[in-house]
Every structure is written in C-alpha cells, then in structure tokens.
Amino acid sequence: MFVLTNAWSTVRRHKWRSMMMLLVTAVMIFGVVFATAVDSASSKAHGETYAEQSPIAVIRPTAEMKSKLKGDDSASVKKYLSFDDYNTYASAVQQIGTQDAKFSINFSLPMRQTGTVKAIAGTGDESADKTGGETLLYNLYDNSSISINPEGRFKITQGKALDYQSKSSKDVLVSKAFASKNNLRVGSTFKLANSTDAGKTYDFKVRGIYTYTDPAPAGNGSDAKLAKDNRDNTIYTSSSTFTENALLDINGKGWAAPHFDIGFGLGSTDEYKAFAQAVKSMKLPKGYEVTSPTLDRYNASLKPLDRLTSVMNKVRIGLYVVAGIILLLLVGLGLRRRTDEIRMDMVIGVTRSRLGWQFVLEMLMPTVPGLLVGGVAGALCARPLGSALDSGIATPAVSDCWMAMWYSIAIVAILAVLAFLRAAFARITPVFDTRNNSNIDDHEGQAPKDDTEAEA
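In what follows, the accompanying structure is described.

Cut-off values and rules
- Residue positions are given per chain, counting from 1 as you read along its sequence in written order.
- Per-residue local features are limited, in this predicted model, to residues with pLDDT of at least 70; the limit for side-chain atom pairs, both in listing and counting, is 80 or more; totals at the level of whole chains, interfaces and linings are taken over all residues.
- The side-chain figures draw on all heavy atoms in the structure; neither hydrogens nor water molecules are used.
- Runs of E in the DSSP output that reach at least two residues are strands. Runs of H or I that reach at least four are helices, and both are numbered from the N terminus.
- A simple rule labels every residue: compare its accessible area, found with a 1.4 Å probe on the protein chains alone, to the largest value its type can have, and call it buried under 20%, exposed over 50%, or partly exposed in between.
- Each nonpolar core is a collection of buried residues, namely Ala, Val, Leu, Ile, Met, Phe, Trp, Tyr and Cys, held together in the definition by side-chain atoms within 4.5 Å.
- Any two residues whose heavy atoms approach within 4.5 Å are treated as being in contact.
- Each helix should span, by expectation, one fewer than its residue count multiplied by 1.5 Å.
- Starting at the helix axis, one direction is taken to each C-beta atom, and the arc is that of these directions.
- Here is the rule: rings of Phe, Tyr and Trp (six-membered ring for Trp) pair when centre to centre is within 6.5 Å. Planes less than 30 degrees apart are stacked, more than 60 are edge-to-face, and the remainder are tilted.
- We call a charge positioned above a ring when the Lys NZ or Arg CZ atom is no farther than 6 Å from the ring centre and deviates by at most 35 degrees from the ring normal.

Let's shift gears to the environment of Phe420. Position of Phe420 among the secondary structure elements: in helix α15 (residues 401-424). Take Phe420: its relative accessible area is 25%, and that puts it in the partly exposed class.

Structure below.
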C-alpha cells in the first residue's frame, strides 16, 4: 500500500507531466495501430483481393498503333483484328483450362449524319466519304460491355438502359450533349445513313440518354479531330439493331467492315496472366497487346491507398522514435533530483525493490491508460478514418495491429525497467558520510582529556 500511495501522490503532484505521458502514449499507439491497419489493407488489396478479381481481357492497339489508325483513311480497317483472329485467340481460353470464361462481343461502325440529326463537330472534320460518317454506332453485347467500353463507362440519366434480349432494331442510347444539340428526348426518332451509301438510311428511337462517368481518353473528347472520334457522338445499341438492319458484315470492305472489340471474361488474375501469355504465343500482330480495363481500373482505384500507405509507414517509424524519446525524457525528468527522497526512504527501512516498484508505478499510471485509450480509439477509427483518407477503401483494424500494440507496450516496458533500475542502483552510504566526516573534523588536533582535568 505504501508503494501505491506514494506513486499516486507523485503522479498527482506532477499533473502536467503525467498528462503529457498519457497523451504521448495514446497518440503513439493510435497512430501505429492506424498505420498498421492501412498497411494491412494495402497488402490485402494488392494480394488476396487482387487475385480474386474476375478480369475481362481485351486485345487492343497499343498507343503507337492507335496513332497510325487514321480515321479519314478507309485502308486503316485492314489493320483491325478480324472475327477469325478473335476466334483463334478464343482458343487460348481452352488452352488455359478455364471453366467460367464469358465473351462480350462488341463492335462498331461509322454512320453518316442526316437532315434529322447533326453530330458535334470535330476540330478538323473531313467529308463523310473519307471518314465513313460523323457518328459511331456501337454494339453493346451486355451490361459487362460497358465496363470495358473504350470510350469510358456511362450512366443512364433519362429513360431506360438497353434491353439486350429485345428484338427491337431501333432502340438506342444517345449522349446528353448529342441530345441537346438535336433537341432529342426519350422516345424521339431520327435517321442515320450508311457509311458507304448516303442514300441508305436507318430509323432509330431514343430509349435512353447517358452521360459518361469516366474521363474522356485523349482525342476522344472535345479535342477530337474528327466528329466520329468525339465520344459524345457515339450511339449505343444492341446486337438486334445490326442483325435486323443487315449492318453486320464480317467480310465488309472499307468503312463497312466492323471494328471488333471482344472481351474475354476470366475467373481470376492468374487465368488472365495465363491467357495473355497464350495469346502472345499465337503470334499476336505487332502493335496489339492484351490488357484488362477492369484490372487497370482496379489498380487505379488503389492509388489513394498506396499513397496513404507510403505516408503512414513513415509516420509509424517516426511515432515509435519520437514518442519513445519524449517518454524517456519525461521519465528521466520524473526521476531526477530524487536522491534525498531515496536516502530518507532507505534510512527508514524502505527496500530498493519497493522504491523501484514505486517508480515503475509512477510511470505506468499515466502510460497504461494512454495505451488503452489510444489502442481502442485506433482500432475503432481505422475504418472510417481510412475510408476518408483513401477514397473509400476499407482499412479495418486486423490481427496485425496487435504487433504494433506489442511494440508500443515494449517501449513502455523498457522505460519501466529503467525506472526500476534508478532505485536498484541507489546508494545509502552517503547518508552517513557527512555525519562521520563532521565528527572527525570536530575532534581533529585536540588532545584527549583525562579525568582530573574533567573534574577541575
């Protein structure tokens, strides 16, 4: 009871120092728990979660090849991958033994504007005879096609999405910008003309109006040279439009040849890597590469988390070092000028071990509550704080956070040992040295007195 009472009395006498120790300890463990949670979330996102992705692979021109595909030269279509090419690459799916592969067969054709609608102009338009048209009619195979759309993902703001099972040959989706330019509404009808025959027109009906949610690729937004390259001039429809209107001719020549963009849905990232390797072994034409828009998008979504992880890993090390130094200084401050107190306690019979435990308790009384408060707060705040700082990616406290807590506890334990050693190495002899030396000085140089002199 003596030890506990004296320790509590010391803590109360030095409130600011005690509060500082509590605060530093709480901040240290809060920070390291959160940093560990962020690091664990990053490891999981790049490891387990990444491996569990179901990527859609596409085979598309490289940036260099894309720059060579001239939109005003119909000879460029000869560089497109044909349907037969895609059939060959589809065999790679069987080679890797995937069981759940899905295909998204998308393709597009340029179409000419008519008197009923006008496309949004490009920065350097050519005649439709050179370009095949001012708009792009794009077939979407199913909803997954939107996730790999080279123009970017979009959402329906008015009307309805396409019904991919419908036999309707007229339903289309138009952009908000295209609809505004032509005063189109849901239910409006308009005509487009054939890419190679301006006299052959087709009727379409607006089923929905969309807006893009992804940024425009370079050269496909307002910076597009040709009108058909401006993604706002893209008109999306389903396969029935092409089949019912006889627009799909896989052996078509010039701008009548469809530009295929087929997606291969795979079950895991390992299957994606195996598929990419298999396709390359089939002598993929120069200028083409296997990519995955869904994996690219996933990796891009992790960039905020990666930046936060990089910062927090540095912060974690800094917290251990700075908090450890501050706590060491505070403990040292609490143990300095205690020599007289130690001497007096030891004179009255207090052992070194009891004094050592008193000093340990003086250090633990403010730091243990700090560990508890900071640790619990760090665990509870990891998810919401992480989501706020890394664009919504969950960073929950996990089992790895215990290691960070143990490091913090180790720092406190080391300081407790140092506090105990302060008493263990205290000396008691100096308490009597002054008195003994004083007695010697008082009698030095005096002859002893005999009994006779004393009586006199």
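Looking now at the nonpolar core. Counting residues in hydrophobic clusters, the biggest one holds 59 residues, and the most contacted among them are Ile59, Val174, Phe190, Phe264, Phe275 and Val290. Not counting residues within four places of it along the chain, the set of residues in contact with Ile59 comprises Leu81, Tyr86, Tyr89, Ile262, Phe264, Val279, Leu284, Tyr288, Glu289 and Val290. Counting residues in each nonpolar core, the second largest holds 21 residues, with Val33, Val360, Leu415 and Ala416 among its members.

Let us now look at helix α5 (residues 83-95). Here α5 is 13 residues long and its end C-alpha atoms lie 19 Å apart, about the 18 Å a rise of 1.5 Å per residue gives. Taken together, the buried positions of α5 are occupied by Tyr86, Tyr89, Ala90, Ala92 and Val93. Burial along α5 is one-sided: seen end-on, the buried residues are contained in an arc of 130°. Away from its buried face by more than 90 degrees, α5 exposes Asp84, Gln94 and Gln95. Where the residues of α5 are buried, they touch β1 (56-61), β2 (102-111), β9 (259-265) and α10 (269-281). Where α5 terminates, the next one or two residues include Gly97, which has phi positive at roughly 75°.

Located in the positive-phi region is Ala246, a residue other than glycine, with phi close to 55°. Ala246 gets classed as exposed once you look at its relative accessible area, which sits at 62%. Notably, Lys283 is not glycine yet its phi reads approximately 60°, a positive angle.

This model, assessed by the stated rule, comprises 15 aromatic pairs. Ring centres of Phe83 and Phe260 lie 5.3 Å apart, and the angle between their planes is 50°; this geometry places the pair in the tilted category. Here Phe83, found in helix α5, pairs with Phe260, found in strand β9; they are 177 residues apart in sequence, far enough to count as distant. Given a relative accessible area of 27%, Phe83 falls into the partly exposed group. A centroid spacing of 5.1 Å and a plane angle of 85° characterise the contact between Tyr210 and Tyr212, whose relative ring orientation is edge-to-face. The burial state of Tyr210 is the same as that of Tyr212; both residues are buried. Pairwise contacts between aromatic rings join Tyr138, Phe154, Tyr210, Tyr212 and Tyr236 into one cluster. Of note, Lys228 hangs over the ring of Trp255, and the distance from its end group to the ring centre comes to 3.6 Å. Note that Arg231 overlies the ring of Tyr212, its terminal NZ or CZ placed 4.0 Å from the centroid.

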